[in-house]
Amino acid sequence: MIERRTLLTGSAAVAAGAVVATHTAVPARAAVAEQAPSGPFRHGVASGDPLPTAVVLWTRVTPTDDAVPGSGAGPRVTVSWEVATDETFSAVVARGSVRTGPERDHTVKVDAAKLQASTTYFYRFLLAGTPSPVGRTRTAPAATATPERLRLAVVSCSNWEAGFFAAYRHLADRDDLDAVLHLGDYLYEYGTGEYAAGRGNVVVRPHDPPHEIVSLADYRRRHAQYKTDPDLQRLHAAVPWVVTWDDHETANDAWSGGAENHQEGEGDWAGRAAAARRAYDEWMPVRLSGTAALGDGVRIFRHLQFGRLADLTMLDLRSYRDRQAAATELDTVDDPGRTITGRAQLDELSARLAADDALWKLVGNPVMVSPVLVPPLDGYVAGPVADMTGILPRDGAPYNTDQWDGYTDDRRELVTLLADRGIANTVFLTGDIHSAWACDLPVDAGTYPLGRTVGVELVATSVTSNNLDDLTGSAPRTTSLAVENAITTTNRHVRYLDFDSHGFSVLTLTAAEAQMDWYVLANRTDPATGATWSTGWRVPVGTNRLARATEAAR
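Read on for an overview of the structure. The structure displayed is predicted, hence computed values, not measured ones. (Residues numbered from 1 in each chain as written. Predicted model: local features only at pLDDT ≥ 70, side-chain atom pairs only at ≥ 80, totals over all residues. Heavy atoms only, no water.)

1. Looking at the overall build of the chain
Under the convention used in this document: Secondary structure elements are defined from DSSP: runs of H or I of at least 4 residues count as helices, runs of E of at least 2 residues count as strands, and each element is numbered from the N terminus. When accessible area is computed with a 1.4 Å probe and restricted to protein chains, residues below 20% of their type maximum are described as buried, those above 50% as exposed, and intermediate ones as partly exposed. Two residues qualify as a contact provided that any one of their heavy atoms is within 4.5 Å of a heavy atom in the partner residue. Under the convention used here, a 1.4 Å probe and the Shrake-Rupley method define accessible areas, while residue burial counts only the protein chains that appear.
Counting secondary structure elements, the chain contains 9 helices and 26 strands. Scored against the burial criterion, the 554 residues of the chain give a buried share of 62%. Of the contacts formed within the chain by residues at least 6 apart in sequence, a portion of 71% connects residues at least 24 apart. Of the roughly 18500 Å² that the chain leaves accessible, carbon and sulfur atoms contribute 53%.

Put into structure tokens, the structure is as follows:
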């Protein structure tokens, strides 16, 4: 198996050269719910999309032994739910019931309403008197409230076959999170051994079903498997999630009319995409098209507000985009007729950024928005870099056309809006590329650092998906250092880059600053692995520029 980095107990090099970070242990908290029992609630409970007076609650029931996910078998049943202000449910404030059955894969999703803002609640489900594990959730602040602090976990790229979800365990052990932002690739579509750990595609734990998922039953089974992970269950039960999809929830490098990993013989793309999104709607604690109901639409780009402190827009950068430009079509990346967002989504994002509703304007952004030009690299590492991030196509072309670099007119419109309106405190939160980045977002990258910046981008690394050292087979923090140095030298607005680490990030917002802290795992293939603080980057309010932090945000 590929061994992940072994972290020192005191300090470790986290950037090219001799930049050193002090490592700090993750604070602990009592667990709200342990792994779900093997009874009717074996896939746990979850909550999501917190509003000031409502939150989505989710579970899945297995009423009979044959009612397994994706089977289409089992009876229709009635499931009750309760929300209380205490773990013993002596003070129930909301309750209801819902019918479920094989037509929705025995999932249950409700929008619990008429709740109080900024309040912690406990919730559970019951089937024929049998209770589920207890979940804990929290409503958002009122629109006019001014919370002192907002703290969000930021994660992406959790590949079952490449390791264990220890990152989720460490986050579930905290007692200071308001929500979890999952920025995409919650699951992976590949068959067993097609994309696992490292150069040899070592399967740490096999996917179910073992083949690439293409049908509705397939996607349901894969979602169900991921939700049997005990660390994933604990984090879902501990805090509400805000999610969006990237490509692997359907197929690699998806666009509006297809995907790189959708081939002849795998059926109609529209049918496959519809199946993937139906299963996602059933199995995730998310409002699609504004409701928790099933089948009322697939719009996942949406807006959430956390009082006057933060406004969050979650983007969908797969459903409306044009096909990615090929290496022979780089002259088209500036074409105004090409889009990554679609017109309606870009207009809505622009309106949210221009609004004066909150101090911090957060954008849940599945693929990188910052411009990246990659210099020539040694052939030994060029292929793995391309395989991991797409930043360096194998023919040497300078752009990753799967991210905003392939749709520069959309990005130019967005950057121009931020510059012309004087909009401050915009933070793009990004996943996708299995590496940690901290970038200033310049109006003109060629004049940075003398030119103007209009925001920052903070990129969370992968929970388990391959990093550069995994793909090269090199020791951590060896060959990657040259790549990182080459990229940061050519792209001066890229302030920090780590190509080797797996883990999670935590974003802390106050009226004075935003700070992202990166925590790295010692070994993704060890479910008991430790996590340590690697680095932190701050954005003082009003500056639109990053500054290195000396310790994790308190």
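Further notes follow.
2. Considering the environment of threonine 100
Operational definition: In the analysis that follows, any N or O atom pair within 3.5 Å is treated as a polar contact, provided that within protein one partner can donate a hydrogen and the other can accept it, and provided that, for residues neighboring in sequence, both atoms belong to side chains.
Mapped onto the fold, threonine 100 is located in strand β6 (residues 92-100). When the C-alpha positions of threonine 100 and valine 77 are compared, they lie 5.6 Å apart, and in sequence the two are 23 residues distant. Leave out the neighbours within four places in its chain, and threonine 100 touches Val61, Pro75, Arg76, Val77, Val79, His106, Thr107 and Val108. A polar atom in the side chain of threonine 100 sits 2.7 Å from the backbone oxygen of threonine 107.

3. Notes on the nonpolar core
The cut-off we apply is this: By convention a nonpolar core is built from buried Ala, Val, Leu, Ile, Met, Phe, Trp, Tyr and Cys residues, the set being connected through side-chain atoms within 4.5 Å.
Grouped together as the largest cluster of nonpolar side chains are 37 residues, with contacts concentrated most on Tyr168, Leu171, Leu235, Trp241 and Phe504. Secondary-structure elements contributing two or more residues to this core are β11 (150-155), α1 (166-172), α3 (230-238), β13 (241-243), β23 (503-509), β24 (513-521) and β25 (531-540). When residues in this core are grouped by element, the largest group, 5 residues, is from α1. Ignoring sequence-local partners within four residues, the contact set of tyrosine 168 consists of Val155, Ser158, His182, Asp231, Leu232, Leu235, Trp241 and Val463. Leu152, Val242, Leu509 and Ala514 belong to the second-largest nonpolar core, a separate cluster that totals 32 residues.

4. Here we look at the packing of aromatic side chains
Which entries qualify depends on this criterion: In this analysis, rings of Phe, Tyr and Trp, with Trp reduced to its six-membered ring, are considered paired at centre separations within 6.5 Å, and the interplanar angle assigns stacked below 30 degrees, edge-to-face beyond 60, and tilted for intermediate values.
All told, the structure shown has 16 aromatic pairs when counted by the stated rule. On the basis of an interplanar angle of 50° and a centroid distance of 5.7 Å, the ring pair of tyrosine 496 and tryptophan 518 is categorised as tilted. Taken together, the positions of tyrosine 496 in strand β22 (residues 494-498) and tryptophan 518 in strand β24 put the pair 22 residues apart, joining distant regions of the chain. Given a relative accessible area of 2%, tyrosine 496 falls into the buried group. Site record: aromatic cluster; members linked through ring pairs are Trp160, Phe165, Tyr168, Tyr186, Tyr226 and Trp241.

5. Concerning the side chain of arginine 272
Positionally, arginine 272 belongs in helix α4 (residues 269-283). Within the local environment of arginine 272, its side chain forms a polar contact with the side chain of histidine 262, the two groups lying 3.1 Å apart. Setting aside residues up to four positions removed in sequence, arginine 272 forms contacts with Glu189, Glu212, Ile213, Val214, Tyr219, Thr250, Ala251, Asn261, His262 and Glu266.

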